[in-house]
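# Breakdown of the fold
For reference, the chains in residue letters:
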Amino acid sequence: MLWLALYFPQLPLEVFARGRQQAGALAIVESLGGREQISRCNAAAQAYGVRPGLALPAALALCAGLVVQRRDRVREQGALDELALWAYQFSARISFEPSLLLLEVGASLRLFGGLPALLTPVQRELGQLGYSVRYALAPTPMAAALLARERSACQVVTPDALREAVAALPLASLTRDADTRGLIRHIGLASIGDVLTLPRPELARRVGPQLSRLMDRLLGLAVDPRPEWQPPQYFAQTIELLGEIGQTTALVFPARRLMVALCGFLRGRGGGAQRLQWTLRHRDHPDTRFGQGLLDPSRDPDHMLEVFRERIDRLQLPAAVVAIGLRVDDWLAFEERSLALFGNPPGPDQALLERLSNRLGGQCVRGLRCLADHRPELAWQLCEPSEFGDAPAASMQQGASQPPWLLPQPRPLAERQGAPEYGGALRLESLPERIEAGWWDGFDIARDYFVAHSSAGERLWVFRDRRSGGWYLHGLFM
Amino acid sequence: MQVVDLDELKRNGVLWQGRRSALAADRLLASGWPVLDEVLGGGWPRAALVELLSEAHQGLPLLLPLLARLGGELRWLVWVAPPYVPYAPALAARGIRVERLLLVRDVSPGQCLWAAEQALKSGACGAVLAWPGELQTAQLRRLQLAAEQGDCPGILFRSPRSAQQGSPAALRLRVRPAPLGLEVEVLKRRGAWGGASCVVPLT
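The rules behind the values
- Residues numbered from 1 in each chain as written.
- Chains lettered and ligands numbered in written order.
- Predicted model: local features only at pLDDT ≥ 70, side-chain atom pairs only at ≥ 80, totals over all residues.
- Helix = DSSP H or I, 4+ residues; strand = E, 2+ residues; numbered from the N terminus.
- Buried ≥ 20, exposed ≤ 12 C-beta atoms within 10 Å, placed from the backbone.
- Contact = placed C-beta atoms within 7 Å.
- Expected span 1.5 Å × (residues − 1).
- Core = buried A, V, L, I, M, F, W, Y, C linked by C-beta atoms within 7 Å.
- Domains from an automatic or database assignment.
- Pairing = 2+ DSSP bridges.
- Axes fitted to C-alpha atoms, helices over the stretch in contact; angles between N-to-C directions.
- Nonpolar A, V, L, I, M, F, W, Y, C, P; charged D, E, K, R; others polar.
- Arc of directions from axis to C-beta.

## Focus on the overall build of chain A
Along the backbone of chain A there are 15 helices and 23 strands. The buried share of chain A, reckoned over its 478 residues, is 36%. Looking at chain A alone, contacts between residues at least 24 apart form 57% of all its contacts between residues at least 6 apart.

Laid out in structure tokens, this is it:
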């Protein structure tokens, strides 16, 4: 077994800052001994001289615009949960420690074709998600976690190399338990290496059962069972925006972070999403909700983002946005065959269709099809634009003598002595086409259609209603 | 110093020589109407803007043979803001694959232009037909560039009043109903003189 530990040293800060491309000075405060003091701060705050350990009033004196957030461990655990959702694409066995994610990757290494092929996307996508990471690889979860915190980028595979890698680390780093730490202070051993040199019976006598149990787990001599994270069935995440966003374009940045997380989730399940549901939260206004449709299931964040841009272009924000959420309920599982399509952008025909439909709305971008009905009103239908297949063109001989343009509604024509007029008398070509149908469904017609010539030279399609005797214009040949 | 290949300019119809047959055959699309091809010098320009000026959106029948042929390709035939309903059975009877049609309808003039430009430059369309209403010269230039970029003919149906306005379109035709069909007069053709006319018979 091989464990990859991902440690997020800036998690307390990043859970607040990741919604913004450029966050201002931000600091996290914690109460220590009844005193509010800075525990983390970002680079913008450091530029003002703010640093961890500073009392809050002193920090505010240095930087008046400092945004201060109280450390929020619930939110940090929430962020780890969301990270697990993303990380599920790399491993099916995931567990947590504070600010740290553990993935069993021994099985997936072969799938990914080696460690670099696994680590490269992990690091790239964590950057895109808005988290800085330190990682380590080791045969036991405890060693991996320890090394990620203390010796970043350490990669250990064999037990011997593991003993060597952990030897120099302080013994106290083994545990956060106060009693065990007190014990460690009293036994006169400083590093893990000091313990490793002791013979085992002596170790048990000197350090007691707790510490030797920890050492066994560290080295893989005892099992280290950990509760495994269970993936949820749907994707739902929210990013708080640290302040307010008034322009839709500023939503693109946090939206992309959500899409990268979503696509990790989808890859973990071999699926794609077709319908993204967005929620924008406002401070004093009901949420704005809107959907984003994709013509084909996708798990490519760049493609999703392009469509998202078009979608928000026609969005009116009723108020400033304080948080953005993405939810996908119905991701679709796919056959191996269609997996080859993923990762590739859709063809230009799909891309155009998506761009148009998302910007203009689906009801404005339509396809057309013939229906087998003799009544002109019912012989065609607007439909979803079809995918390019090889369906043979329907043979529609009935339309050969009919015009390419139809009026949405037949338009009554003026008459003079029973003859139709359209800017002057109409000349009718001799043989009418009789269309009589529909007694069975209530839209019953009995019409004689003529090709007619106006005095201006236009060719028109007119009919005489055989019941009322009235004349109507119904189509144009030009 | 920039070196310019004269033949290349001629082939693309950028260089105007004052005599016939300026555009190379591969830059033209046969219209399917022999009399029309005669006055157009071979057919519709392939990656350029065409303006059809008429009183009542006339001229669609001129394009139907081309649309029927282009329907054989896996590309969209886009109609932006058509003034009436394209009547599917009649189009199908003229050999047009109606499933290739993409109709953009119920849009504002601004959206109409945007959609036409997107469609033209997408590279995914066999032809783009648009009924845009009033247009500025700068907007025409954008559409012309988009047509070149997407290698796609863009056909604009406009009012005869716009004949007064300068245009970067490669071809400008005045279309009028005639007793036997549609009369077509060439107002402007890139690489040739205007003034030629013909009557395309519609049966």
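## Overview of the overall build of chain B
Along the backbone of chain B there are six helices and 11 strands. Counting the 203 residues in chain B, one finds 51% classified as buried. Partitioning the intrachain contacts of chain B with sequence separation of at least 6 by distance along the chain shows that 65% fall at a separation of at least 24.

## Focus: helix 6 (residues 137-150) of chain B
All names here are of chain B. Across its 14 residues, helix 6 extends 20 Å between first and last C-alpha, which sits within 8% of the 20 Å expected from 1.5 Å per residue. In the core, the buried residues of helix 6 are packed alongside strand 3 (49-53), helix 5 (109-121), strand 7 (125-130) and strand 8 (154-158). Just downstream of helix 6 lies Asp 151, where phi reads positive at about 50°.

## Here we look at the nonpolar core
Ala 5, Ala 144, Leu 147 and Leu 262 of chain A are the most contacted members of the largest nonpolar core, which totals 102 residues. Two domains each put at least three residues into this core: domain 1 (3-25 + 66-219) and domain 2 (235-360) of chain A. Residues contacting Ala 5 of chain A, with those up to four places away along its chain left out, are Leu 100, Leu 102, Tyr 135, Ala 136, Ala 144, Ala 145, Leu 147 and Ala 148 of chain A. Grouped together as the second largest cluster of nonpolar side chains are 93 residues, Leu 356 and Val 365 of chain A together with Leu 62 and Ala 130 of chain B included.

## Focus: the sheet that holds strand 3 (residues 35-41) of chain A
Residue and element names in this part refer to chain A. Overall, mixed pairing links the three strands, which are arranged 3-2-4 in an open sheet. At either end of the open sheet lies a strand with only one pairing partner, and these are strand 3 and strand 4 (67-70). Put simply, the sheet's adjacent strands are angled 40° from each other on average, direction ignored. Of the pairings in the sheet, the one linking strand 2 (residues 26-32) to strand 3 comprises six bridges and is antiparallel in character. Note on strand 3: the bridge partner recorded for Ala 27 is Cys 41.

## Some details on the environment of Val 322 of chain A
Residues and elements named next belong to chain A. If you trace the backbone, Val 322 turns up in strand 12 (residues 321-328). Spatially, the C-alpha atom of Val 322 lies 6.2 Å from that of Gly 243, the residues being 79 residues apart in sequence. Setting aside residues up to four positions removed in sequence, Val 322 forms contacts with Glu 240, Leu 241, Glu 244, Arg 281, His 282 and Arg 283.

## Things to note about the sheet that holds strand 6 (residues 100-104) of chain A
Residues and elements named next belong to chain A. Strand order in the open sheet formed by five strands is 5-6-1-7-8, with mixed pairing between adjacent strands. Single-partner strands in this sheet number two, and they are strand 5 (94-97) and strand 8 (154-155). The pairing of strand 7 (residues 134-138) with strand 8 spans two bridges and is classified as parallel. Within strand 8, the residue paired with Leu 137 across the bridge is Gln 155.

## Focus: the interface of chain B and chain A
Chain B puts 39 residues into the contact, and the matching count from chain A is 41 residues. Of all the secondary-structure elements, those providing two or more residues to the side of chain B that touches chain A are helix 3 (60-70), strand 5 (85-86), helix 4 (88-93), strand 6 (101-104), helix 5 and strand 9 (171-178) of chain B. Considering every element that reaches the side of chain B that touches chain A, the biggest residue donor is helix 4 of chain B, with six residues. Among the residues making up the side of chain B that touches chain A, the classes are represented as 29 nonpolar, five polar and five charged. Across two bridges, the pairing between strand 16 (residues 405-412) of chain A and strand 5 of chain B is antiparallel. The residue of strand 5 of chain B that forms the bridge with Trp 405 of chain A is Pro 86 of chain B.

## Notes on helix 8 (residues 159-167) of chain A
Residues and elements named next belong to chain A. Looking at helix 8, one finds that the buried residues are Leu 162, Ala 165 and Val 166. With its buried residues spanning 85° around the axis, helix 8 presents them on a single face. Summarising the contacts, the buried residues of helix 8 are in contact with strand 7, helix 7 (141-150), strand 8, helix 10 (192-197) and helix 11 (200-219).

## Points about the pairing of strand 6 of chain A
Residues and elements named next belong to chain A. When you tally the buried positions in strand 6, you get five out of five residues, the bulk of the element. Side chains Leu 100, Leu 102 and Glu 104 project from strand 6 onto one buried face, and the interleaved Leu 101 and Leu 103 project onto a second face that is buried too. Sheet analysis places strand 5 next to strand 6, joined by four bridges and oriented antiparallel. Within the sheet, the bridge partner assigned to Phe 96 lies in strand 6 and is Leu 101.

## Quick word on unusual backbone geometry
Comment: phi is negative for the bulk of residues other than glycine, and the bulk of peptide bonds are trans. All names here are of chain A. Positive phi, normally seen in glycine, also occurs at Ser 99, with a value near 60°. Position of Ser 99 relative to the elements: it lies in the loop between strand 5 and strand 6. Phi angles above zero are rare outside glycine, and Ala 153 is one such case at about 70°. Mapped onto the secondary structure, Ala 153 falls in the loop between helix 7 and strand 8.

Keep in mind these values describe shape, not function.
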